[in-house]
Amino acid sequence: MIAILQRVSQANVRVDGEVIGQIDAGLLVLLCAEKGDTDAVADKMLAKMLKLRIFSDDAGKMNHSVQDIGGGLLVVSQFTLAADVAGGNRPSFTQAAAPDEGRRLYEHFVAQARTQHPLVQTGRFAADMQVSLINDGPITIPMRMSA
């Protein structure tokens, strides 16, 4: 499983011009399930993400997690994170999970996030989405978890 975490002061996602998810301070999570990923991999990634200390304390040091600051999570599916650009000029997405499995793992991740964190918003799986954000820092963290 691959994720890109962006520490944001605000973010939203639109589908057909309508805002379907938005947060103030917190994490924008771009999430991609890969072939072979399991619920356990998704759970492991979520646990790490919620505890990752990338928010500033009073001294300006990154000592707080999204849970510590009471920030939001905006979770957006993005299979293109599995892109392989090694051959040719058109990316290959063969390592991305099949759409049905990708949806299942995305929905599992979101359901687990909602049981462990009070503010979770989402995009819409497989939709054409427009994501807006103000990257705070900027802080952008790539994550990859496997079994």
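Above this text is the structure in question.
From a predicted model like this one, the values you see are computed outputs, not experimental measurements.

## Overview of the packing of aromatic side chains
The geometry of an aromatic ring pair comes down to the distance between the two centres and the angle between the two planes. Scanning all chains against the criterion turns up two aromatic pairs. Look at Tyr 106 and Phe 125: their rings are 5.9 Å apart centre to centre, the planes differ by 40 degrees, and that puts the pair in the tilted class. Taken together, the residues span a long stretch of sequence, with Tyr 106 in helix 3 (residues 99-116) and Phe 125 in the loop between strand 7 (120-122) and strand 8 (129-144) at a distance of 19 residues. Judged by its relative accessible area of 7%, Tyr 106 is buried.

## A short note on helix 1 (residues 39-51)
Because each turn of an α-helix spans 3.6 residues, side chains separated by three or four positions end up pointing in the same direction. A rise of 1.5 Å per residue sets the reference length of helix 1, with its 13 residues, at 18 Å; its end C-alpha atoms lie 19 Å apart and thus fit the reference within 8%. Residues of helix 1 that are buried: Val 41, Ala 42, Met 45, Leu 46, Met 49 and Leu 50. What you see down the axis of helix 1 is that its buried residues fit within an arc of 160 degrees, all on one side. In helix 1, those exposed residues whose orientation departs by more than 90 degrees from the buried face are Ala 40 and Lys 51. Turning to helix 1, the residues buried within the fold contact strand 1 (2-15), strand 3 (26-32), helix 2 (66-69), strand 6 (72-77), helix 3 and strand 8.

What counts as what
- Think of each chain on its own: its residues are numbered from 1, step by step along the sequence as written.
- Only residues with pLDDT of 70 or above have their local features reported here, since the model is predicted, and side-chain atom pairs are shown and tallied only from 80 upward, although totals for entire chains, interfaces and linings are computed over all residues.
- Derived side-chain values reflect all non-hydrogen atoms in the structure, with water molecules and hydrogen atoms excluded from consideration.
- When two rings of Phe, Tyr or Trp (its six-membered ring) have centres within 6.5 Å they constitute a pair, described as stacked for plane angles under 30 degrees, edge-to-face for angles over 60, and tilted for the intermediate range.
- Helix and strand assignments come from DSSP, with helices taken as H or I runs of at least 4 residues and strands as E runs of at least 2, each series counted from the N terminus.
- Note on exposure labels: buried denotes an accessible area under 20% of the residue type's maximum, exposed denotes more than 50%, and partly exposed covers the range between, all computed with a 1.4 Å probe on protein chains only.
- Expected span of a helix, by definition, is 1.5 Å for each gap between consecutive residues, and there is one gap fewer than residues.
- Note that the arc is computed from the directions linking the helix axis to the C-beta atoms.
- Between two residues, a contact is recorded if the distance between any of their heavy atoms is within 4.5 Å.

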